[in-house]
Amino acid sequence: MTDGRSRPAPRPPEGTPPPAELARQARAVLADAVRIARWAAADRDPGAGHLAAHTQERASAALDLTAEQVRASWDRARLAGLVELHGGTVRPGWRLQAWDRDDSAVLRGWVALFDAWSLVHPAPDDVAPATVAEVVEAVPQVLSLLQLSAGPVTAPALLDLLQQRVAELHEERCEVPEVPYGPEGAEASGADGTTEPAPDATDAPETTDAPETAGTTDAPNGSDVSGASAEALLPPLLDWALEGLAAVGALTLGKGQATLTPLGNWAVWVKLEQICVAAQSPAGNIEQHAQDMLRGCARLTPGPARAEYRAWLAARTVGSAITELLAVARGEDALLRGLAFEALRVVGAPAEPSVRAAVNDTSLRPYALLWLAEYEGADPDDAADVLTREEATWLWVDTAAAVADHGETDLLVRHLESAVQGTVPALLREVRAIGHPRTVQVLVALAAAHPDPALAKAVRRAAFQVHTGGA
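So, here is what we can say about the structure in this document.

**As for the overall build of the protein**
A tally of helices and strands in the protein yields 23 helices and 7 strands. Expressed as a percentage of its 471 residues, the buried residues of the protein come to 44%. At a minimum sequence separation of 6, the contacts of the protein that also span at least 24 residues come to 63%. As displayed, the protein offers around 23,600 Å² of accessible surface, 54% of which is attributable to carbon and sulfur atoms.

Printed below as a string of structure tokens:
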């Protein structure tokens, strides 16, 4: 835990180029992404998400790029915030508009790409997502070693650190890897006391069709592989991670070694600086799990809350942060559900696939639709137009539940004014119909809080009808 004392922010690495030079390098990394973003913004109809085949052909011809280069550049343009998607139409993002004149916009765009390196360079399909997630979570330590070394680091040294960090993650989660037993029923151990697989493979436990756990991974033939075998995947996964970081310009690869580029060196320093700033923040939520962090931000105004979200995100890998936030959003606390999506707005583009998938979850659907509408460029005041009447009513009840649990009674009464129905009888009819699990509690709380006896009586009657299943 932080001790509340001020900690000095780390100094930029010695020899770090000035911002103008770093921006020049970032522009070079994203040159093709900028080209396709400008072409798409002018074309106005390249489609959302992945480009359609006919659009790829037109982009290839116009920009003299291969189809693969077009797809890669398009993904980078989206991840770096160079384009904004509005349904099936593309508009230039603010970073694209400022690209030639604002070095800070360029560097922020590149850092967004750097944070999303595992999306730029997808992991092998035959490796379990849990194993990939562990490697992604361990990469910051690998980057820290590269920065501290201030030069090339050999692959064996990086692999050793990766193995140590993954083992620490297992220990933190109290996971015990599955270990084969030898002929006498005891674990085979090495001279140094570490556990090794027994030499006779016939004595290893049979694989089953049990659900995947964090200590197993999928072999190419689809069978389960023990934790010991999963460790064998770390060398190729290290290669994958290094190639992904090289693909975004964070490091260069030599024969059996890797070296941070000036951009990569600067990016690691930026992350360390963010962590130090977070350690000095009044709220001090950086070391908390997502649920406790969001609770700590509940009483903050939007500006300080966003600063806390950014600090918390800076201390974690993007993928793990998104997973944590959505797990909290799926919980019972409606206030934390709303705050989780506020934090996901700070995450930005890397959260889009997960938020889009959350549209299929009834309790998250209204929040996810609003997030996507704003992400695609809708004015926050108009974003609610994407919701159906039923979705808007569900969101009204969910928000009312948050207010009832954490707010003041007068705020719950004022919440009536935000209902789309316009009249209390219409609201009560539709609230009864949508089946929100907190409907009864919300109506009871509203009836207790409302100063109008007649209206309170109608609300109590509606609560009773929902509770008993009456019409």
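**Some details on the sheet that holds strand β3 (residues 153-154)**
Reading across from one edge, β3-β7-β6 is the order of the 3 strands in this open sheet, with antiparallel pairing throughout. Every interior strand has two partners, whereas the edge strands, β3 and β6 (251-254), have only one. Across 2 bridges, the pairing between β3 and strand β7 (residues 257-260) is antiparallel. Following the sheet pairing, Thr154 is matched in β7 by Gln257. Along the sheet, helix α8 (residues 129-149) makes contact with β3, β6 and β7, crossing β7 at roughly 75 degrees.

**Regarding the packing of aromatic side chains**
Two measures describe an aromatic ring pair: the distance that separates the ring centres and the angle between the ring planes. Evaluated as defined, the whole model comprises 4 aromatic pairs. Centre to centre, the rings of Trp371 and Tyr375 are 5.3 Å apart; their planes meet at 15 degrees, and the pair counts as stacked. Of this pair, Trp371 and Tyr375 both sit in helix α18 (residues 365-375), separated by 4 residues, roughly a single helical turn. According to the relative accessible area criterion, Trp371 is buried, its value standing at 2%.

**Remarks on a negative patch on the surface**
A surface patch of negative charge is lined by Asp379, Asp381, Asp382 and Asp385. Within the secondary structure, Asp379 sits in the loop between α18 and α19 (389-406). Assessed through its relative accessible area of 41%, Asp379 is described here as partly exposed.

**Topic: unusual backbone geometry**
Even without a glycine there, the phi angle at Asp64 is positive, about 55 degrees. Examined against the element boundaries, Asp64 turns out to sit in the loop between α3 (53-63) and α4 (67-79). For Asp64, a relative accessible area of 70% gives the class exposed.

**Description of the pattern of salt bridges**
A full pass over the atoms with the stated rule returns 16 salt bridges. A salt bridge links Asp361 to Arg330, with the nearest nitrogen and oxygen atoms 3.3 Å apart. Note that Asp361 is positioned in the loop between α17 (352-358) and α18 and Arg330 in the loop between α15 (318-329) and α16 (334-347), a separation of 31 residues in sequence. By relative accessible area, Asp361 is classed as partly exposed at 24%. A network of salt bridges, in which partner residues are shared, links Arg78, Glu352, Arg356 and Glu376.

**Notes on the pairing of β6**
Alignment of β6 against β7, held across 4 bridges, turns out to be antiparallel. Considered in β7, the bridge of Thr252 is made with Thr259.

**With respect to helix α22 (residues 439-449)**
Residues of α22 that are buried include every one of Thr439, Val442, Leu443, Leu446 and Ala447, and no others. Take α22 and look down its axis: the buried residues cluster within an arc of 130 degrees, on one side only. Against the buried residues of α22 lie α19, α20 (409-415), α21 (424-434) and α23 (453-468).

**Thoughts on the pairing of β7**
Along β7, the buried face is formed by Ala258 and Leu260; none of Gln257 and Thr259, which line the opposite face, is buried. Linkage of β6 to β7, two consecutive antiparallel strands, is achieved through a turn of 2 residues, within which Gly256 is found at a positive phi near 70 degrees.

**Side note on the environment of Arg414**
For Arg414, the position within the fold is in helix α20. On a C-alpha basis, the gap between Arg414 and His450 in space is 9.4 Å, while along the polypeptide they are 36 residues apart.

The rules behind each value
Residues numbered from 1 in each chain as written. Predicted model: local features only at pLDDT ≥ 70, side-chain atom pairs only at ≥ 80, totals over all residues. Heavy atoms only, no water. Helix = DSSP H or I, 4+ residues; strand = E, 2+ residues; numbered from the N terminus. Buried < 20%, exposed > 50% of the residue type's maximum accessible area, 1.4 Å probe, protein only. Contact = heavy atoms within 4.5 Å. Areas by Shrake-Rupley, 256 points an atom, 1.4 Å probe, with all protein chains shown as cover. Pairing = 2+ DSSP bridges. Axes fitted to C-alpha atoms, helices over the stretch in contact; angles between N-to-C directions. Phe/Tyr/Trp six-rings, centres within 6.5 Å; stacked < 30°, edge-to-face > 60°. Patch = residues over 30% accessible without salt bridge, like charges linked within 9 Å, V, L, I, M, F, W, Y side chains within 5 Å. Salt bridge = Lys/Arg side-chain N within 4 Å of Asp/Glu carboxyl O. Lys, Arg positive; Asp, Glu negative; His and termini not counted. Charge placed at Lys NZ, Arg CZ, Asp CG, Glu CD. Arc of directions from axis to C-beta.

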